[in-house]
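Now for the letters of each chain:
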Amino acid sequence: VSKQVLGQVLRELQALCTAEQQFVEKFFQLSHSAADLQVLVVSIRTLLEEATMQLLSEIFSCLEAELRGLLDACSKVHPFICLQVLVTLNDFISEEWGSSSALHLSFFNTILGNLLLLAKNNFKRCIGTLCTEMEEAKLPSRVRGGILPSVSRFEEFINFSEEECRTARWRRELDKAVLRLARSVFSSIHSLSSANLKVSTDMVMMGNFHHIHCFLSQKEILCLEGVKREAKQRYSEHMEKYITQNLGQPLEKLHHFFEGVKARVAQGVKEEEVSFQLAYSKQELRKVIEKYPGKEVKRALETLYRTTHKCLSPEENLLPVVWEAMQQEFIHQYQEFEHLIQRCYAGAGIAMGFTLEDLLSYFSSIPLCN
């Protein structure tokens, strides 16, 4: 609404001021033909222009102050209205100046120039305040995941700006602003690393970067293509970290045992001699394997799924993606355990308490919830 109101005010004032300027120049003989101007020296022409402007300034002494008051009133309607005002002024000036070069010398366009400078400063101040709010925002003490307020605020501004600037001739300042906001959003998400969260930090980061990537993929904003790619990279990195951190939970003791086996081999112990290490003997391996019969593994996987489902934001639809990745990594881990048994405990007749086929059936028995 404010955009239409401001545009109408500017059009009517422009017509009024132009008419008044033409009258003043004609009545006081302050205008000259092109032939006359060629004869006049520069200093005289400047004096004539100054005289015109002085008279108009006295006639419209409160005009600029009133227009500044209108811009201030607009800014109170919505925190992002300063962008709407800036776009309206830019479009109005471009249209009017493009139609007649003489308007560059008009009294009203001098006021417009001052208002445009004010609008730019207001917009920069708005973006600065928004960035500070994002970067310094404190997370709720009981946050359990979901989309962070700074991400929602960024999305709100992008939606508003794209709607307002859809047909605007001006984008340079807006592009600079949204890039600055994107850096602040990323900074606010990274601050989670030092936050005391009730859920995995990597899970929250993964969900929020995934949300930003999906949102920007829908918008297709040219200047944010690099931000979109970085968001995808970040969410992939944090998903990998989350999976790695949780992968050992269903088979925790087996996981630690074989990590130790790999460490001994990396230190130079021959594979066929690992079983002679007291902590990694055949007897110790059998003891660990006995702790993980098939039913125990199935129960542990169900627990892991419920935890993942509870913590992931449902609107992001990340659960199928994360669970599929966890399933593939778990199968890979199982195959690695089998391979280590064959290499380091060959001929001992040792086998896991469940097969690969069993493992696949455990996963297929868990109904995915969205």
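All values reported here derive from a predicted model rather than from experimental measurement.

Caption draft 1: The arrangement of the overall build of the protein in detail. The helix and strand tally for the protein stands at 15 helices and 0 strands. Counting contacts in the protein only where the partners sit at least 6 residues apart, residues at least 24 apart contribute 78% of the total.

Caption draft 2: Region of the structure containing the nonpolar core. Residues Phe157, Tyr345 and Leu359 are the most contacted members of the largest nonpolar core, which totals 104 residues. In terms of residue count, helix α6 (residues 107-136) provides more of this core than any other element does, 14 residues in total. Other than its neighbours up to four places away in sequence, Tyr345 contacts Phe257, Val261, Val274, Ser275, Tyr280, Ser281, Lys282, Leu285, Leu340 and Ile350.

Caption draft 3: Structural view of the packing of helix α4 (residues 63-75) against α6. At a closest axis distance of 11 Å, the pairing of α4 and α6 adopts a crossing angle of 35°. In the packing of α4 onto α6, the handedness of the crossing is right-handed. Contacts between α4 and α6 pair Leu63, Glu64, Leu67, Arg68 and Leu71 from the former with Phe107, Phe108, Ile111, Asn114, Leu115 and Leu118 from the latter. Taken together, the residues of the contact of α4 with α6 sort by class into 8 nonpolar, 1 polar and 2 charged.

Caption draft 4: Up close: the environment of Ser236. Its place among the elements puts Ser236 in helix α10 (residues 225-247). When the C-alpha positions of Ser236 and Met206 are compared, they lie 7.1 Å apart, and in sequence the two are 30 residues distant. Engagement of the side chain of Ser236 in a polar contact is seen with the backbone oxygen of Lys232, the distance being 2.9 Å.

Caption draft 5: View of α4. If you check α4, its first and last C-alpha atoms are 19 Å apart, about what 13 residues at 1.5 Å a residue would give, namely 18 Å. Three or more residues of α4 are buried, namely Leu63, Leu67, Leu71 and Cys74. Projection of α4 onto a plane perpendicular to its axis shows the buried side chains occupying an angular sector of 80°, all on one side. Away from the buried face of α4 by more than 90 degrees, exposed residues Ala65 and Glu66 are located.

Caption draft 6: Geometry of unusual backbone geometry. Look at Glu220: it is not a glycine, yet its phi comes out positive at around 55°. Relative to the assigned elements, Glu220 resides in the loop between α9 (201-219) and α10. Residue Glu220 is classed as exposed on the basis of its relative accessible area, which comes to 64%.

Caption draft 7: Main features of helix α13 (residues 294-311). With 18 residues, α13 ought to run about 26 Å at 1.5 Å a step, and its terminal C-alpha atoms sit 26 Å apart, in line with that. Contacts made by the buried residues of α13 are with α9, α10, α14 (319-344) and α15 (356-364).

Caption draft 8: How the structure looks around the side chain of Ser281. The topology assignment puts Ser281 in the loop between α11 (252-266) and α12 (282-290). In contact with Ser281, not counting residues within four places along its chain, are Phe257, Ser275 and Tyr345.

Caption draft 9: Layout of the pattern of salt bridges. If you walk through the whole model with that rule in mind, you get 11 salt bridges. The salt bridge involving Glu237 is made with Arg234; its shortest N-O contact spans 4.0 Å. One end of the pair is Glu237 and the other is Arg234, both in helix α10 and 3 residues apart, which spans about a single turn. Lys287 serves as the salt-bridge partner of Glu284, at 3.6 Å between the closest nitrogen and oxygen. Here Glu284 and its partner Lys287 are both found in helix α12, 3 residues apart, which amounts to about one turn of the helix. A network of salt bridges, in which partner residues are shared, links Glu230, Arg234 and Glu237.

Caption draft 10: Molecular detail of the packing of aromatic side chains. The tally for this structure, following the rule as stated, stands at 10 aromatic pairs. These aromatic residues form a ring-pair network of at least three members: Phe257, Phe258, Tyr280 and Phe337.

Caption draft 11: The arrangement of the environment of Thr110 in detail. Along the chain, Thr110 turns up in helix α6. Taking C-alpha positions, Thr110 is 9.8 Å from Glu64, a pair spaced 46 residues apart along the chain.

Caption draft 12: Inspection of the side chain of Ser188 at higher detail. Following the sequence through the fold, Ser188 ends up in helix α8 (residues 172-190). Ser188 gets classed as buried once you look at its relative accessible area, which sits at 7%. What Ser188 contacts, discounting residues up to four positions off in sequence, is Met134 and Ser150.

The rules behind these values
Residues numbered from 1 in each chain as written. Predicted model: local features only at pLDDT ≥ 70, side-chain atom pairs only at ≥ 80, totals over all residues. Heavy atoms only, no water. Helix = DSSP H or I, 4+ residues; strand = E, 2+ residues; numbered from the N terminus. Contact = heavy atoms within 4.5 Å. Core = buried A, V, L, I, M, F, W, Y, C linked by side-chain atoms within 4.5 Å. Buried < 20%, exposed > 50% of the residue type's maximum accessible area, 1.4 Å probe, protein only. Axes fitted to C-alpha atoms, helices over the stretch in contact; angles between N-to-C directions. Left-handed = near helix turned anticlockwise from the far one by under 90°. Nonpolar A, V, L, I, M, F, W, Y, C, P; charged D, E, K, R; others polar. Polar contact = N/O pair within 3.5 Å; in protein donor to acceptor, adjacent residues only side chain to side chain. Expected span 1.5 Å × (residues − 1). Arc of directions from axis to C-beta. Salt bridge = Lys/Arg side-chain N within 4 Å of Asp/Glu carboxyl O. Phe/Tyr/Trp six-rings, centres within 6.5 Å; stacked < 30°, edge-to-face > 60°.

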